[in-house]
Structure formats: structure tokens, C-alpha cells
Amino acid sequence: MTTAIQRFEDYWSGGDPVTMNRFFTKTITPMLIIVTSYVSFVTLVGPSIMKNRKPIQMRKLIIVYNFALVAFYLYFLIRGAFFIPVLGFQFICGSLNSYETPIIPDIFDLGYQLYVVRYIELLDTVFLVLTKKFNMITPLHVFHHSIVPVFGGLDSDPNQVSVQSGYLAVFMAVNCMVHIVMYTYYAIAALGPKYHKYIWWKKYLTSLQILQFFVMTFYLNVMYALGCVTSKFILMFCLSLSVLFFFLFINYYKRVYNSQGKDASPQKNGVHETNGNHAKTIQQKNGFPAAYKNALKKED
């Protein structure tokens, strides 16, 4: 008799040969180990290690990191755009079968690359720990970074991919566009105070995040109504995350900007800065999720 774990492993493995033997998709073990290690390090182990140590100077590395992510997401969108003339838009609601069109394996490969980058983005929080920006590591921050690899793992599941339509390609394209804007902002912010005059639009970054989740929620409901070929489990998982983050970011927006209008005193989130430098009396005005603040402060 097979155990529940064995059945789950069997469910996770197999399917399309493009992804079934890759490191992160062959079994769920790498995902579980990495996500568990990440949560443990950024919430317990890392802060304990750095408690009596000086912050590590990482500003240049953070700049390169953010610009590299911008470059990758641009590459993802450009390469993905080349698939459209070949497939047209019928693949959005049709079955993605790698044996029907030779280009389908290339789409799976690109999706796998995006999935791997989701793990690289966990370094966001690692940088915060090593630079001792503990006040920026909020529950929403950790939850967001933890759930993305889980979602990516489900979406990269070969059993699911082999029967899904391509509707999630649109989902991911929207997310990549937002990430391009987001990481461009953080990269410029990390360059130093003299560049901060070019990033006056940080309030609108939060608005863009909210709009993203609204559009995704609406889009997923439309795809469901159209009867797209897909896994209902994956669809509901995506929809639940979109709705959850939509309201979480709205709550964050209200908390940050409404409090600024009603209270002239510094924000009560433990973050005080002006142009990337610490200050005692300047109100924090970062209007975007704490999960992406790693590039905002100039290194001490």
C-alpha cells in the first residue's frame, strides 16, 4: 500500500518531459527544504546570528541584484512575445500539449526559468537580515516570499502543465511587468540620495500592485467563465492568492497614507529615513510593501 507522501510525490512527478526531470520540479523536496530554510533563517537563525554583529555592507551587491532582476523580467517578456506569432492567442484557453506544437517545450522551459528566479528573489529578505534591517521583515513580507515558490511549484507541476491551457502566461506576463517597474525603482533608490529625485512616484508603486491583483482576479474569473482547459485546483489557488493580496495591499495602502494624512508624527513601523539615510524625526513615506524595501536605504 502506498503512503500519502508517496502518492503526493507520484502526483508531483511525471507528466511533460520538458520539466519532469528538472531539479525543482522532479520532486517537491527542494521546494520544501528551501522554503523551510528561508523562513527559519529570516525569522530566527539570521537575526540571532546578526544580533551582536555589525551590518554587512552590501549596497553595490543590492544594486546589481535589482538591475539583474529587471534584465531577466525584460528578457522573459521579450522572449515570450516571440511565441505569439507562432501560436496566436488560441493557446490561452486551449490545451497545452507538447506533442501538438514543437514550440510548446520552449514555453515550458521559459516558465521553468521564471520559477527558478522566484527562489533567487528570496535573497531580498536575506539582504535585509545581513544588513540588519529587521524592522522591514514583516509577516506579510515573509508570507509573500514563501508562498510564491509554492505557487510556482504547483504551476510548474508537469501533471498540471500537461493539461492546462496557457491562461497563466497572461497572469505571469502582468506580474513580470509589475516586477520590472518595481525592481527599477529599488535599483535607482539604491544608487544613492542624488538619484532619489527620479523616484518621486513610489506612492504609485503600491497602487500598481493593487491594480495588478485586481486585474488578475478579474482575469481569472473570466477564464473560468470561458471554460478554459485547466486544473480547477490551480485556478482556485491562483484566485485565492490574488484576492488575498489585493486586500492585504489595500490595507497596507490605507494604513500608510491615511495615517500620514491624520498624523504628522513619524510612522509607527520602526522605520525612519530620508533619502536612504537614517533620521530620528523624519516621517517614513515609503508607500509600497515592506517585502521590497531592501534597496531603499543607503548602507551605513
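Residues numbered from 1 in each chain as written. Predicted model: local features only at pLDDT ≥ 70, side-chain atom pairs only at ≥ 80, totals over all residues. Heavy atoms only, no water.

1. Section: the overall build of the chain
Note the following rule: Here a helix means four or more residues in a row that DSSP labels H or I, a strand means two or more in a row labelled E, and each is numbered from the N terminus. Accessibility here uses a 1.4 Å probe with only protein chains present; expressed as a share of the type maximum, an area under 20% marks a residue as buried, one over 50% as exposed, and anything in between as partly exposed. The contact definition used throughout considers only heavy atoms, calling two residues in contact when any of these lie within 4.5 Å. Values of accessible area rely on a 1.4 Å probe in the Shrake-Rupley scheme; residue burial ignores everything except the protein chains shown.
In terms of regular secondary structure, the chain is built from 11 helices and 2 strands. Listing every helix and strand of the chain by position from the N terminus yields α-α-α-α-α-α-α-α-α-α-α-β-β. Among the 300 residues that make up the chain, the fraction classed as buried is 48%. Of the contacts made within the chain by residues no fewer than 6 positions apart, 76% connect residues no fewer than 24 positions apart. Surface exposure of the chain reaches about 14,800 Å², of which carbon and sulfur atoms provide 68%.

2. A closer look at the packing of aromatic side chains
The criterion, for reference: Pairing of aromatic rings covers Phe, Tyr and Trp, the last through its six-membered ring, and needs centres within 6.5 Å; plane angles under 30 degrees mean stacked, over 60 mean edge-to-face, and all others mean tilted.
Tallied over the entire structure, the rule returns 16 aromatic pairs. Aromatic pair W200 and Y204: ring centres 6.4 Å apart, planes at 80 degrees, arrangement edge-to-face. Taken individually, W200 and Y204 each receive the classification exposed, so the pair is uniform in this respect. Between F246 and F247, the aromatic rings sit 5.2 Å apart at their centres with planes inclined by 75 degrees, giving edge-to-face as the arrangement. The exposure class assigned to F247 is exposed, which follows from its relative accessible area of 52%. Among the aromatic residues, those joined into a cluster by ring pairs are F72, Y73, Y75, F76, Y183, Y185, Y186 and W201.

3. A closer look at the UniProt feature "transmembrane region" (unreviewed entry) in the chain
Worth spelling out the cut-off: UniProt positions are given in the numbering used here, feature names are shortened, and annotations may be inferred rather than shown by experiment.
Following the UniProt record, the feature "transmembrane region" (unreviewed entry) maps to residues 28–50, 62–92, 166–192, 204–227 and 233–253 here. The span residues 204–227 is 92% helical and 0% strand by assignment, and the distance between its end C-alpha atoms comes to 34 Å.

4. Considerations on a nonpolar patch on the surface
The condition is simple: A residue counts toward a patch only above 30% relative accessible area and without a salt bridge, and it is joined to like-charged neighbours within 9 Å or, for Val, Leu, Ile, Met, Phe, Trp and Tyr, to nonpolar neighbours within 5 Å. By convention in these notes, a salt bridge is any Lys or Arg side-chain nitrogen within 4 Å of a carboxyl oxygen on Asp or Glu.
A cluster of nonpolar side chains, L211, F214, V215, F218, V222 and L226, forms an exposed patch at the surface whose accessible area comes to about 570 Å². Using a relative accessible area of 57% as the deciding quantity, one classes L226 as exposed.

5. Some points on helix 10 (residues 202–225)
Keep this limit in mind: Expected span, for any helix, means 1.5 Å times one less than how many residues it has.
If you check helix 10, its first and last C-alpha atoms are 35 Å apart, about what 24 residues at 1.5 Å a residue would give, namely 34 Å. Considered for burial, the residues of helix 10 that qualify are L205, T206, Q209, I210, Q212, F213, M216, T217, Y219, L220 and M223. In the stretch just after helix 10, G227 is the one whose phi turns positive, near 75 degrees.

6. With respect to the environment of A173
Among the structural elements, A173 can be located in helix 9 (residues 167–190). On the basis of relative accessible area, A173 is assigned to the partly exposed category, the value being 22%. Residues A173 and G80 lie 93 residues apart in sequence; the distance between their C-alpha atoms is 8.5 Å.

7. Focus on helix 5 (residues 104–120)
With 17 residues, helix 5 should cover 24 Å at 1.5 Å per step; its first-to-last C-alpha distance of 25 Å lies within 8% of that length. For helix 5, every residue scored as buried is listed here: I104, I107, F108, L110, Y112, L114, Y115, V117, R118 and Y119.

8. Overview of the packing of helix 9 against helix 10
Convention followed: Only C-alpha atoms enter the line fits that serve as axes; for helices the fit covers just the stretch in contact. Angles between N-to-C directions range over 0 to 180 degrees. Each angle receives one of four descriptions, namely roughly parallel if under 35 degrees, roughly antiparallel if over 145, roughly perpendicular if within 65 to 115, and oblique otherwise. Each residue is assigned to one class: nonpolar for Ala, Val, Leu, Ile, Met, Phe, Trp, Tyr, Cys and Pro, charged for Asp, Glu, Lys and Arg, and polar for all the others, Gly among them.
With their axes 10 Å apart at the nearest point, helix 9 and helix 10 run at an angle of 175 degrees to one another. If you check the angle between helix 9 and helix 10, you find them roughly antiparallel. For the pair helix 9 and helix 10, contact is made by Y167, V170, F171, V174, N175, V178, V181, M182, Y185 and Y186 and by K202, L205, L208, Q209, Q212, M216, Y219, L220 and M223, respectively. Looking at the contact of helix 9 with helix 10 residue by residue, the class counts come to 15 nonpolar, 3 polar and 1 charged.

9. Quick word on unusual backbone geometry
Of note in the backbone geometry, K132 takes a positive phi value of approximately 60 degrees without being a glycine. One can find K132 in the loop between helix 6 (123–130) and helix 7 (139–156). Under the relative-accessibility criterion, K132 is labelled partly exposed at 25%.

10. Details of the environment of I49
Within the element layout of this structure, I49 appears in helix 2 (residues 29–50). Residue classification places I49 among the partly exposed positions, given a relative accessible area of 39%.

11. What to know about the environment of C176
Topologically, C176 is positioned in helix 9. Judged by its relative accessible area of 0%, C176 is buried. With 99 residues separating them along the chain, C176 and L77 place their C-alpha atoms 7.3 Å apart. The residues contacting C176, other than those within four sequence positions of it, are Y73, F76, L77 and L114.

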